[in-house]
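# Observations on the model geometry
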Amino acid sequence: MTSGNLDLAPNLTGADDVYEALVDLTDGLDETASLRAQARLILILINHLNDRETVLQAIRVARRPASDRHG
Amino acid sequence: MINARGFKVFRQFEPSPVPFPDGREHTTVAIVGAGPVGLAMALDLGRRGHPVVVLSRLDFVAQASKAICFSKRTLDIFDRLGIGDAIMAKGLTWEVGKIFWRDASDPVYRYDTRPLKDQKRPGFVNIQQYYIEEFLVEALAELPNVELRWGHKVEAVTPMNDGVDLHVTAASGTYDLRAEWVIACDGSRSTMRRELGLDFDGRVFQDNFLIADIRMKHEMPMERWFWFDPPFNPGQSALMHKQPDDVWRLDFQLGWNVDRDAAILPENVEPYVRAMLGDDVEFEREWYSVYTFQCRRMDRFVHGRTIFAGDAAHLVSPFGARGCNGGFADVDNLGWKLDCVIRGVAGEALLESYNVEATAAAEENHIHSTRSSDFLTPKSTASRALRDAVLELARDHEFARPMVNSGRPSTAIVFDSPLSTPDAEEWTDGVRPGSVVVDAPLGDGWLLESIGEEFTLLSRGWRGKAPVGLRVVEVDDRDRLAIERLGLEEGAAYLVRPDQYVAARWKSACDADVEAALHRALAA
């Protein structure tokens, strides 16, 4: 199992603004283009993080959100 | 020339006569299959003086589209086998690959297959597989202890404790051949594997690729060019690569639901070629074929006295040129080990290290091959979006370019080997045990050339007494690059296996350290 320093505590101020910007990213795009735009965003953020282990940890969390971890 | 069975023939051989009709015969080594891997295996063991019989079901070398890209590691192996210069003289050298996306004339990604310069051999040489086979056959003709038998087919296999009985048929009769060792190099549809009832599990990829090998006069830098979603093959990929004799390999991804027989008809191939190269391009058909690919391998490559190598043991996608080059890596790994076992220098336990190392290499090739396939043929809408996102970003942002994957070029595999002695000292540079020695200029020649075909101690002023029979190569203070690349401080030494892999290294070693490491490298 890989380690990582994934911070899952609430860290954002203005969460609604950021959420709105995320929705706007795919505004007017069809499903394929939307998926591509979100993938670009993920890749940009992953590169910015510059922390392989944390990225892999985040992928594990994304695969299985905490709410159904025991499901 | 087309033979009776419709194969385009590069070289036809006289069917070999049966040696002792309806009789029994004995040999030390029998090699089943005379493709590049079987022939190279015969050359390796033949050069070491062993009696070798090669059984080839076919009696010709086919002039078909097979392997064309031979890696630096393979070229180093060819040098050791004495055919490196001939292949370099005929082949075309390349190191740079360019990847294009859609209609842009600038590549989204450019890579160098051999970023470390000042090595004897280049990243890759392109040459048709039939030339490789030809050079191997010529080299084997010089060895009186190697016999090539064309048109001899293994019909039945009986494993024994101290050998294998092969029942062989040829045009002029049948015979039984008892071999102390059999090396099965008989390809992906291996008769040996089937006769012994052995596994070959893996994964089939649902995609078809059209190969159009054509002859034409065309100017282009000697590079590998690859396209994702080009205007001439929308939504699919394509590849263009030069071979000797003005032959070009064009490779078009077709998708899964196609009529494979129809796809290779000239009237269906030509539109692809003209779309890529222009309506007025003049070319001749060399060979058209459609392939799908699979990643399969045997669980074990060593089964008693039968040992599997090349496509018979493992099959990968062609992306990255890991098929034929992977087979030569098997030859390189197995040759010296079987030599040591036959000569009684090592026990059969040494062959288990071939199983460990060669299956690890196959596994690594499978991982690379599968990853390339997933990039070339995304399996879902989401993975296609991710792939396209990488290509979009790669155009403008350097960070995304290393993710662009059209095949990761074959290089020497690094493995955790039972034959390696772990470092006892702290090393921050150099070549770690389980890796192949990196080449560098050495005196008037090259470091890899100096290693030869036996165990070698690369030393920089090591003062100990080497075990009997161990060659010592002294690296001179003037061999600056070799010293730098090996991290070879004054008094340091590397123990190098006959396949040029590092077995052990020391900054300072006593005689007993070297002796113990040599024992370990022989699985003693």
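Quantities reported herein were computed from a predicted structural model and do not represent experimental measurements.

The rules behind these values
Residues numbered from 1 in each chain as written. Chains lettered and ligands numbered in written order. Predicted model: local features only at pLDDT ≥ 70, side-chain atom pairs only at ≥ 80, totals over all residues. Heavy atoms only, no water. 1 Å grid on protein atoms, 1.4 Å probe; cavity = no way out; pocket = protein on both sides within 12 Å on 5 of 7 lines; lining within 4 Å. Points joined across faces, edges and corners; volume = space filled by probe spheres on them. Helix = DSSP H or I, 4+ residues; strand = E, 2+ residues; numbered from the N terminus. Nonpolar A, V, L, I, M, F, W, Y, C, P; charged D, E, K, R; others polar. Patch = residues over 30% accessible without salt bridge, like charges linked within 9 Å, V, L, I, M, F, W, Y side chains within 5 Å. Areas by Shrake-Rupley, 256 points an atom, 1.4 Å probe, with all protein chains shown as cover. Salt bridge = Lys/Arg side-chain N within 4 Å of Asp/Glu carboxyl O. Lys, Arg positive; Asp, Glu negative; His and termini not counted. Charge placed at Lys NZ, Arg CZ, Asp CG, Glu CD. Buried < 20%, exposed > 50% of the residue type's maximum accessible area, 1.4 Å probe, protein only. Pairing = 2+ DSSP bridges. Axes fitted to C-alpha atoms, helices over the stretch in contact; angles between N-to-C directions. Contact = heavy atoms within 4.5 Å. Buried area = accessible area lost by both parts, 1.4 Å probe. Polar contact = N/O pair within 3.5 Å; in protein donor to acceptor, adjacent residues only side chain to side chain. Domains from an automatic or database assignment.

### Re the layout of surface pockets
There is about 1,900 Å³ of room inside the second largest pocket. In terms of lining residues, the second largest pocket is bounded by 43 residues, among which A:I42, A:L43, A:I46, A:V55 and A:I59 are the most central. Put simply, the parts of the chain that give the lining of the second largest pocket at least two residues each are α1 (15-25), α2 (31-49) and α3 (52-63) of chain A together with α9 (349-376) and α10 (381-396) of chain B. Here the lining of the second largest pocket gets nine residues from one element, more than from any other, and that element is α2(A). Split by residue class, the lining of the second largest pocket holds 27 nonpolar, seven polar and nine charged.

### Remarks on a negative patch on the surface
All names here are of chain A. Taken together, the side chains of D16, D17, E20, D24 and D27 define an acidic patch exposed on the protein surface. Note that D27 resides in the loop between α1 and α2. The exposure class assigned to D27 is exposed, which follows from its relative accessible area of 60%.

### Looking at the sheet that holds strand β6 (residues 92-94) of chain B
Within a sheet, neighbouring strands are paired by backbone hydrogen bonds and run either parallel or antiparallel to one another. Residues and elements named next belong to chain B. Pairing within the open sheet is antiparallel, and its three strands lie in the order β5-β9-β6. This sheet does not close on itself; its edge strands, each paired only once, are β5 (69-71) and β6. Strand after strand, the sheet turns through a mean of 30° between neighbouring axes, direction not considered. In terms of strand pairing, β6 meets strand β9 (residues 124-126) through three bridges, oriented antiparallel.

### Details of the interface of chain A and chain B
Contact residues are listed per partner, giving eight residues for chain A and 11 residues for chain B. For the pair chain A and chain B, the two sides together bury roughly 920 Å², of which 80% comes from carbon and sulfur. Viewed at the interface, chain B and chain A are joined by two salt bridges. B:E392 is paired through a salt bridge with A:R40; the nearest N and O atoms lie 2.5 Å apart. Between the two partners, chain A and chain B, sit two residue pairs in polar contact (both at pLDDT 80 or more). The residue makeup of the side of chain A that touches chain B, split by class, is four nonpolar, two polar and two charged.

### Observations regarding the domain arrangement of chain B
Residue and element names in this part refer to chain B. By domain assignment, chain B separates into domain 1 (9-92 + 120-199 + 297-364), domain 2 (206-292) and domain 3 (441-521). Computed from C-alpha atoms alone, the centre-to-centre distance between domain 1 and domain 3 is 30 Å. Each partner contributes residues to the interface: domain 1 has 14 residues there, and domain 3 has 13 residues. Here domain 1 meets domain 3 over a buried area of about 1,100 Å², counting both sides, of which 45% is carbon and sulfur. Broken down residue by residue, the surface that domain 1 buries against domain 3 is led by R80, K120 and W336, which jointly contribute 49%. For the pair domain 1 and domain 3, the interface holds four salt bridges. Across the pair R497 and E357 runs a salt bridge, and its minimum N-O distance is 2.7 Å. Across the contact surface, domain 1 and domain 3 share eight residue pairs in polar contact (both at pLDDT 80 or more). Among the secondary structure elements, those contributing two or more residues to the side of domain 1 that touches domain 3 are α2 (72-80), α8 (324-343) and α9. Per element, the largest residue contribution to the side of domain 1 that touches domain 3 is five residues, and it comes from α8. Its residues assigned to classes, the side of domain 1 that touches domain 3 shows two nonpolar, one polar and 11 charged.

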